[in-house]
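Chain residues, written in single-letter form:
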Amino acid sequence: MLAEAAFKPGLEGVVAAETRLSSVDGQAGELVIAGFLLEELAGNATFEEMVYLLWHDRLPAAGELADFRVRLAAEHHLPPATLALLDAAARDKAAAMDALRMAASTLSLGREGDNAERDALKLVACFPTIVAAYWRRLNGQMPIEPRADLGHAANYLYMLTGSVPDAAHVRGLETYLNTVVDHGLNASTFTARVIISTGSDMISAVVGALGALKGPLHGGAPGPALDMVFEIGDPANAEAVLRRKLEAGERLMGFGHRVYKVRDPRADVLAAAAERMFHDSGDTALYDLSRQVEQVALRLLEAYKPGRNLQTNVEFYTALVLHGLGLPVELFTPTFAISRVGGWTAHCFEQISVGRIIRPQSAYTGSKTRRWLPVESR
Ligand code: ACO
């Protein structure tokens, strides 16, 4: 019999998969995506190139990229059942992440047989269309059809607003999407791998992952991080507001990470993208305020939680970049999903090739001596 392994709450430090997709070095503050340092890819690649890289383990040649864009464009229209679901969700005023999860499930309709490649393409292609269509429906507007001549990131902004975005906005969004596309065995990716490992299908795996991403300890933090900056409003208030939160036992959103014990490298990439965008817009007030809030938060976290190495995480600057792009707070987490679905599907392909169900153990802590009592005697 195997010796029972020690239980690690939260599976901290437990290695549960091998992957060539991304390497997260929390001590060095280094993120490598399919062999490239994040800093090398984030500002250069299109999102289509990132997804191709994750799925095929190499960057596409020009012809392959053009072909990939055509194949994605062929899939980005929503079936009528998906639009009907989004209408019902909008009438119910569902949260955008719930609408995305429900709509993602409808992508199972009308497909014949299991085909992981086809489903992955459909999921990546449709996520921006779903989120934009839902947002417009929620606000009493007609959805805008995606355009085959626009790239993935540009299409998302176009479908939200009806205007073709300028190059700086597309670059800002693309930098964000590239930055968060994959990140080791995070909770939602683990969820997707567990589901696909049972022999289930790609759409089920991604729907499960969406459920995991929604939580405030994972993908749900950027909205609250921005709320915190707005609540502070002026650098002079930062110390008092943050102290009050810490003394009330609250967590400062956008700080701390299970893996990074130095600054999250994604925060730096996004801080630079935010600085560029706010600078181009001619109004750096929110960017400057955020940097000042960050400095005070880091100092107070060290004072209140000494030795925990709580640093700025990706969500803090995500909030600033997405706000700078004109996205409403309600769409921050769905926009994260529009990126991360590239990573989830790539992990599913990897897990399919492993071909072994993920089935860990639990340590039983209950009694073994109970006796059955008929219901009338309990
Ligand atoms: N603010 C205040 N205190 C914090 C914070 C924070 N943001 N994060 C951790 N701490 C404290 C904890 O209260 C705990 O203190 P204690 O030892 O006195 O009990 C200590 O630091 C260690 O915290 P853990 O919860 O053990 O750290 P864990 O690795 O489980 O948590 C997490 C990581 C969930 C991200 C946490 O730092 C957090 O809640 N941060 C705020 C939410 C957030 O920004 N989430 C986005 C993460 S990035 C992503 O998912 C893409």
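Residues numbered from 1 in each chain as written. Predicted model: local features only at pLDDT ≥ 70, side-chain atom pairs only at ≥ 80, totals over all residues. Heavy atoms only, no water.

K.L.:
So, the packing of helix H13 (residues 265-281) against helix H15 (residues 314-324): which residues are in play, and what are the values?
P.N.:
The geometry of H13 relative to H15 is characterised by a closest axis approach of 8 Å and an angle of 25° between their N-to-C directions. Classified by the angle between their axes, H13 and H15 sit roughly parallel to one another. Taken as a pair, H13 and H15 cross one another with a handedness that is left-handed. Only Val 314, Tyr 317, Thr 318, Leu 320, Val 321 and Gly 324 of H15 make contact with H13, whose side of the interface consists of Arg 266, Ala 267, Leu 270, Ala 271, Ala 273, Ala 274, Met 277 and Phe 278. In terms of residue class, the contact of H13 with H15 is made up of eleven nonpolar, two polar and one charged. (Axes fitted to C-alpha atoms, helices over the stretch in contact; angles between N-to-C directions. Helix = DSSP H or I, 4+ residues; strand = E, 2+ residues; numbered from the N terminus. Parallel < 35°, antiparallel > 145°, perpendicular 65-115°, else oblique. Left-handed = near helix turned anticlockwise from the far one by under 90°. Contact = heavy atoms within 4.5 Å. Nonpolar A, V, L, I, M, F, W, Y, C, P; charged D, E, K, R; others polar.)

K.L.:
I'd love a proper account of the site of the ligand, names of residues and values included.
P.N.:
Close to the ligand lie 22 residues, the nearest being Arg 251, Leu 252, Phe 255, Arg 258 and Arg 308. Here an oxygen atom of the ligand and a backbone polar atom of Gly 254 are 2.9 Å apart. At 2.8 Å from an oxygen atom of the ligand is found a side-chain nitrogen or oxygen belonging to Arg 258. Contact with the protein chains covers 77% of the free accessible surface of the ligand, which is 930 Å². Of the residues contributing to the shell around the ligand, the split by class is eleven nonpolar, five polar and six charged. (Near = heavy atom within 4 Å. Polar contact = N/O pair within 3.5 Å; in protein donor to acceptor, adjacent residues only side chain to side chain. Areas by Shrake-Rupley, 256 points an atom, 1.4 Å probe, with all protein chains shown as cover.)

K.L.:
Quick rundown of the pattern of salt bridges? Include the residues and the values.
P.N.:
Summed over all chains, the structure comprises 24 salt bridges. Among the salt bridges present, the one from Arg 111 reaches Asp 119, with a minimum N-O distance of 2.3 Å. Among the charged side chains, a salt-bridge network with shared partners connects Arg 111, Asp 114, Arg 118, Asp 119 and Asp 201. (Salt bridge = Lys/Arg side-chain N within 4 Å of Asp/Glu carboxyl O.)

K.L.:
Any details on the packing of aromatic side chains? Residues and values, ideally.
P.N.:
Considering all chains together, one arrives at six aromatic pairs under this definition. A ring pair is formed by Tyr 52 and Phe 68, whose centres lie 5.6 Å apart and whose planes are at 80°; its orientation type is edge-to-face. Of this pair, Tyr 52 sits in helix H2 (residues 47-56) while Phe 68 sits in helix H3 (residues 62-73); the two residues are 16 residues apart in sequence, bridging distant segments of the chain. The two residues Tyr 52 and Phe 68 agree in class, both being buried. The rings of Tyr 52, Trp 55, Phe 68 and Phe 349 are connected pair by pair, giving a single aromatic cluster. Over the face of the ring belonging to Tyr 158 we find Arg 147, whose NZ or CZ atom lies 5.2 Å from the ring centre. The ring of Trp 372 has Arg 378 lying over it, and the distance from NZ or CZ to the ring centre is 4.7 Å. (Phe/Tyr/Trp six-rings, centres within 6.5 Å; stacked < 30°, edge-to-face > 60°. Buried < 20%, exposed > 50% of the residue type's maximum accessible area, 1.4 Å probe, protein only. Lys NZ or Arg CZ within 6 Å of the ring centre and 35° of its normal.)

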